[in-house]
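Chain residues, written in single-letter form:
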Amino acid sequence: MDGGPSQLQQAQLAAFLGPDPAAFETLISHLMSTSNEQRSQAESIFNLLRQTDPNSLVLKLAQLLSSSVHVEARAMAAILLRKQLTRDDSYIWPQLTDSTRAAVKNTLLSALQNEESKSIIRKLCDTISELASSLIPENLWPEMLPFMFQCVTSTSPKLQESAFVMFSQLAQFIGETLSPYITDLHSVFLNVLNNSPNSDVKIAALSAVINFIQCLSSSNERDRFQDLLPSMMKTLTEALNSGQEATAQEALELLIELAGTEPRFLRRQIVYVVGSMLQIAEAENLEEGTRHLAIEFVITLAEARERAPGMMRKLPQFISRLFAILMNMLLDVDDDPAWHTAEIKDEDAGETSNYSIGQECLDRLAIALGGNTIVPVASEQLPVYFAAPEWQKHHAALIALAQIAEGCSKIMVKNLEQVVTMVLNSFQHPHPRVRWAAINAVGQFSTDLGPDLQVQYHLRVLPALASAMDDYSNPRVQAHAASAVLNFSENCTPEILAPYLDGIVHKLLLLLQNTKQLVQEGALTALASVADSSQEQFQKYYDSVMPYLKAILINASDKANRMLRAKAMECISLVGMAVGKDKFRDDAKQVMEVLMSLQGSQMESDDPTVSYMLQAWARLCKCLGQDFLPYMSVVMPPLLQSAQLKPDVTITSAESDDEIDESDDESMETITLGDKRIGIKTSVLEEKATACNMLCCYADELKEGFYPWIDQVAPTLVPLLKFYFHEEVRRAAVSAMPDLLRSAKLAVEKGMAQGRNETYVKQLSDYIVPALVEALHKEPDTEICVSMLDSLNECLQISGQLLDESQVRSIVDEVKQVITASSSRRRERAERAKAEDFDAEEGELLKEENEQEEEVFDQIGEILGTMVKTFKASFLPFFDELSPFLMPMWGKDKTPEERRISICIFDDVAEQCREAALKYYDTYLPFLLEACTDENPDVRQASVYGLGVCAEFGGSIFKPLVGEALSRLNLVIRQPNALQPENVMAYDNAVSALGKICLFHRDSIDSSQVFPAWLNCLPLKGDLIEAKVVHDQLCSMVERSDTELLGPNNQYLPKVISIFAEVLCAGNALTTKHTANRMINLLRQLQQTLPPSVLASTFSSLQPQQQLALQSILSS
C-alpha cells in the first residue's frame, strides 16, 4: 500500500478508535479468532492503526487493559502492548507523544494495582519490565523504582510478588541503578524471606535475590548478601516441610541457576548448602522430581569449573554420599520381559527415570571432578555391589564403571588389571542383563581407556566377546557383544586384530543370518569396523563376506528393514575401502547400480537410508578415485539438496509458558540464547552435516575432476562457515574451502576448466578468502578457530599472488585480533588459577586448555610464513605492524611454543626478504643468539636455523657477530646428549649454520679449526631436508678443490670420502639424485688422481658394507 489508507479505511479506523470501547474490544477479540479469515482481517486493520495513529492505538490498548470486564481481552491487551514496547521491529515508543507516554506509564502501574487475575498480573509484569528495561537506565521513568519499593513493603502479597517478579526481570538492566539502594534491598529481601507467610511471595523474592546477585559486578557487593543464604535455603526447607513440593521445586530451580552462575557465592556456607541438598536427595518420602533437582544442584556446583575451580573436590565426604545416592538410583531397574525379546524398540525396557538420571549424573560427576576424586570413592563402594546376590546390584556396579570411565580415564588406565578382571568375571553371571552390562562396560572402556585396553588385554577381551556372541538364547546379549567388537576394533591396530580375525569374522557371518534384526544390525556394524581396522588383512575374507552383504542390500527392501539395508551399505563401502579398488572393482559396479536405483526412488523423510547412502557414495569414491567420476551426476543433486537443508527451528520466549513440545519428538534440541528459546530438529542438522562432510570428501579425492560442481558447491558451503546451529556443519565447510580452490586451480592448469583461466581462480579466491576471514572473526569455538586458520593458510598457499592488498590487510588485522583474543583467554585462565580451591587436577585441565592456544599460535606462524614466502619484501610493512604483537612472544615468560613460532616468523622474513630484512637484524639477532641455548630443543632448532639464514644473507651486518654465533653453535653441537632423538634436529641445524659461516664468512674465522670441526659432524642424519642442503654444499666445496676444507696435503680427504660413502649408502634419504651423481663423479676422479696407497688406507677405514657399496658404485 503506497498512498496511505483510503477514505473507506479511514472511516473504519475512526470507528475503532471512537469513544465506544466495544468496537475496539471486538477488533481485539477477532485477533484471537479461530477463523483464519476473521483473524487476518483484524491483523491488517491493527497494523494499519499502528502505522497511521500509534498514539490512539496505544491509548486504546491501555484503556482496554484497565477497564475491560473480559479477562481474555485484558490479557490480549497486555500481550499486544508488550509487543509494541519491545525493542525490535515493532517498537513504537519513539513515535509517541509525551502525554501518551505518561498516560501509558500511569495506566500500566494502576492496572497492576487493580488487577486480580494471576495470569494477567504476570503478563502486566512482563509488559512493565519490557518498557522499564529501556527507560530506567536513561532515567526516563523516575516513578518506577519508588513504586517497586512501595509494592515490596506493602501488605498486599499480590503487589509484593509482582514487584519481586519485576526486580528479577529488570536486574540485568538496572543493577547499576540499584547500587545505591543495596542496604535497603538487603533488609527488604531478608525480611520477606524470613517473615512472609506467602510462599509465592517468597519464591518471587528468592528469584529477585538470585538475579540481583548475578548482576552485581564486584564480589564485595555480592558478599554483602552472603548472610541471606540461610534464609534463601529456608524458603526451600519450609516448602518441603509443609508439603508444598511444587514451590520447593521452583526454589530448587532458582538455586540451580545460582550454582551455575555464581558458585563462589555459596562457598563460605558450602557444607551447609550441599548437606541440605543431599538430605533432600536421600529423602525417600519426597517426589522423584524434587530429589532429582537436589542432585542436579550438587552436580551443577561440581561442573562450575570456570567460576569455582576445585571447590567441590574439597568435600570428599559429600562426594561419597552423592555417589551412594546415584548408585542407589541405578538399582531402580525392572526385569521387563520385553527386554528379552530383543526388539529394537524395547532397548530401554525396565529402565526408570531414576535409573537414567543416575547414569547421566555419574557420567557428569566423573567428568567434572576427575579420577583422583572419583576412583577412590568407586573403589570403596563398588565391591559391595559386585559381591551382592541381587542381580540389580551387580548390574548397577557394571553400569557405574562404564559411566565413570570417560571422566576417570587417566586413573583407570593405571589400574586396568583390577577393572578388567571385575568386568570379565561378570561375563559368566547367570542373569543376561548383567552379562549385557559387562559387555557394555567393555564397549565403553574400548573407547575411553583405549588403546591401552586393546594393547594390554586383547588376549582376554576378544575371546570373551567371541564367546558372548554364542549366547543364542539371549539375542540382545549377542548383538551387544557384536557392538563391543566394533568399539574394541575402532581403537585397534591391524596387528592386534589379525590373530582373531578368523574366529570373529566367522561368528559375525553366523549372526548376519540370525532372524533378529537387532543381531543382524550389530553384526553388520561390527564387520564394517573390523574391516576398517584390519585394512588389507581383510582381503582373505572378502569372497565369503561380500555375497551376504550384497544379498541384504538387494533383499532388505521393506520398511521394517530400512536400517538393516542402510547398515549393509555402510559395511560394503568400508569393506571396499579396506580391500582396495582391484579386489572390489567388479562388485562395486553392481553395488552402485543398486544405490542408483534407490537414489531414484521416493524415500520418506525419516528414512535412515539417505544419510547412510551419502556416506557410502563418498567411500566408494575414495576407493575408486577417478573411476568414480561417471557416477557424480547421480550423486551430486541429492547431496547438494541435503547440504542446503534449512534448519527446522522453533523460536519462543525463554520465559514463555508454551514450552517447546519435546515430548513427541526425540530429535528436538533446545538452546536458550538471551531471552529466546530455540528448538531445533537435530535429524535435519545431522543430515546436513553428513552432506557437507561428503562434499569435502569428493573435492579432496577428485581434485580437478570435481571442477564441474564448484559453481554449485561454493555458494552452498561458504555461507555455512557461519552456521552456528551445528559445529560439524561449520567444520565441514571450513575444511572444504582449500579443496574447492585447489580443484579450480588444477582444472585451469590442466586445461579441464572449459576454457576458463586464472581469472576464474581469482574470482573464487575473492569469494572464499574474505568469507573465511570474516567467519574467523566471529567464531566462538577455539578448536574451530584453529581449523579456520589452517584452512586459511592452505587457501593462501593456493591463491598466492592472486590476493590483493585489501585482502592481505584484512588477514593481518584478523591475525592481530586472534593473538589478542588468545592472550586474553590465557589471562582469564591465569586468574582462575588464583582461586582459593585451585588444585593440581584443575592445573592439569588448564594446561590442556592452554595447549589449544598453542595450536592457535602455531597456525598464526604458518599463515605469516606463507604470506612472507608469497609476497616477500612487499609484506614487510605489514610485518612492521605485527611486530608489537609478535615481539612479546619472545619473552621468557611465554611458552616454548610461542617462542618457537615467533623465531620461525623472523627466520622466514630473513630468508625470503634477504637484503630488505637486514634492518631487523639489530632487533632480532640478540634474541636469536640467546635462544640458541634455550632448554627447549624446538626453540633451539628454530634459533640455530635462523643463525644460518642470517649468516647466508647478512653480509657485513652479520660479520661482527660471527664469533658470538660460533660459540653459541658450538654449545649446541657439543652438548652431551646432542644426538638423542629429541635434540638431533637442533644439532643438524646448528651444523648446517656452521657450514654457512664457513662458506660466507671464512675471512672472519680460524679456518684450520672450524672447517675440520664442521666435517667431523657430517653426514647429517636427523633433519633430512637440511641434510640434503648441507651435503650439496660439501659437494660444491670439494668440486672447487677448496683447500681450507681439504686441509694441508689433502689430509681431510679420507674423511670426505667416508662421508660420501655413508651418504650414498643411505640411498636417496640424505641426498638428492643430482647431488649423488656429483658425488659419484668426484669419487671416480679421485680414483684416477689419488695415489693407490692413500685410497687403500681410506677404504680400509670404512665399514665393510660401505666398502662394498663404494666398490660397486665405482666399478659400474
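Residues numbered from 1 in each chain as written. Predicted model: local features only at pLDDT ≥ 70, side-chain atom pairs only at ≥ 80, totals over all residues. Heavy atoms only, no water.

> Would you take a moment to explain the environment of V818 for this structure?
Mapped onto the elements of the fold, V818 is located in helix α40 (residues 805-832). For the pair V818 and L789, spaced 29 residues apart in the sequence, the C-alpha separation amounts to 9.7 Å. Residues contacting V818, with those up to four places away along its chain left out, are L776, L789, V856 and I860. (Helix = DSSP H or I, 4+ residues; strand = E, 2+ residues; numbered from the N terminus. Contact = heavy atoms within 4.5 Å.)

> What's the story with the pattern of salt bridges in this structure? I'm lost.
When charged atoms on two side chains of opposite charge get close, those side chains can pair. The final tally for this structure, using the stated rule, is 66 salt bridges. A salt bridge links E849 to R832; its shortest N-O distance comes to 3.1 Å. With a gap of 17 residues between them, E849 in helix α41 (residues 840-871) and R832 in helix α40 connect regions that are remote in the sequence. The exposure classification of E849 matches that of R832, with both residues buried. Salt bridges linked by common partners bring R825, R829, R832, E849 and E853 together as one network. (Salt bridge = Lys/Arg side-chain N within 4 Å of Asp/Glu carboxyl O. Buried < 20%, exposed > 50% of the residue type's maximum accessible area, 1.4 Å probe, protein only.)

> Hey, could you run me through the confidence of the model for the protein chain in this one?
Fine structural detail should not be taken from predicted coordinates in areas where pLDDT scores are low. On average, the protein chain scores 90 in pLDDT, and the residues at 70 or more come to 98%. Confidence scores differ between elements of the protein chain, with strand β2 (residues 668-673) showing the lowest mean pLDDT of 69 and helix α21 (residues 391-404) the highest of 97. (pLDDT = per-residue confidence, 0-100.)

> For this particular structure, what's the right way to read the nonpolar core?
Taken as a class, soluble globular proteins show a tendency for nonpolar side chains to be buried jointly. Of all hydrophobic cores here, the largest spans 407 residues; its most connected members are F164, M232, F628, Y698, F706 and F875. Beyond its immediate stretch of four places on either side in the chain, F875 contacts V808, V812, L864, M867, V868 and L882. (Core = buried A, V, L, I, M, F, W, Y, C linked by side-chain atoms within 4.5 Å.)

> I keep staring at the state of the cysteines and nothing clicks. Help me out?
Covalent bonding between the sulfur atoms of two cysteines is what defines a disulfide. In this structure the tally under the stated criterion is 0 disulfides. Between C950, a free cysteine, and C932, which holds the nearest cysteine sulfur, the sulfur-to-sulfur gap is 10 Å. Overall, C950 belongs to the buried group, its relative accessible area being 0%. (Disulfide = S-S within 2.5 Å.)

> Sorry, what's going on with the packing of helix α43 (residues 896-913) against helix α45 (residues 937-953) here?
The relative placement of two packed helices is expressed as an angle between their axes plus a distance between the axes. Contact geometry of α43 with α45 gives a least axis separation of 9 Å together with a crossing angle of 15°. For the element pair α43 / α45, the angle class is roughly parallel. Pair α43 / α45 crosses with left-handed handedness. Counting all contacts with α43, which are made through P896, R899, R900, I903, C904, F906, D907, A910 and E911, the residues of α45 involved are D938, V939, A942, S943, Y945, G946, V949, C950 and F953. (Axes fitted to C-alpha atoms, helices over the stretch in contact; angles between N-to-C directions. Parallel < 35°, antiparallel > 145°, perpendicular 65-115°, else oblique. Left-handed = near helix turned anticlockwise from the far one by under 90°.)

> I tried to follow a nonpolar patch on the surface on my own but got confused; where do I start?
Taken together, the side chains of V649, I651 and F725 define a hydrophobic patch exposed on the protein surface, amounting to about 240 Å² of accessible area. The class for I651 is exposed, based on a relative accessible area of 54%. (Patch = residues over 30% accessible without salt bridge, like charges linked within 9 Å, V, L, I, M, F, W, Y side chains within 5 Å. Areas by Shrake-Rupley, 256 points an atom, 1.4 Å probe, with all protein chains shown as cover.)

> Even after reading the chapter, I still don't get the packing of aromatic side chains, so can you show me in this structure?
Each aromatic ring pair is described using two quantities: the centre-to-centre distance and the angle formed by the ring planes. Applying the stated criterion across every chain yields a total of 22 aromatic pairs. When the ring of F723 is compared with that of F725, the centres are 5.6 Å apart and the planes differ by 75°; the resulting orientation is edge-to-face. In this structure F723 comes out as buried when scored by relative accessible area, which is 9%. Ring centres 5.1 Å apart and planes at 85° place the aromatic pair F879 and Y920 in the edge-to-face group. (Phe/Tyr/Trp six-rings, centres within 6.5 Å; stacked < 30°, edge-to-face > 60°.)

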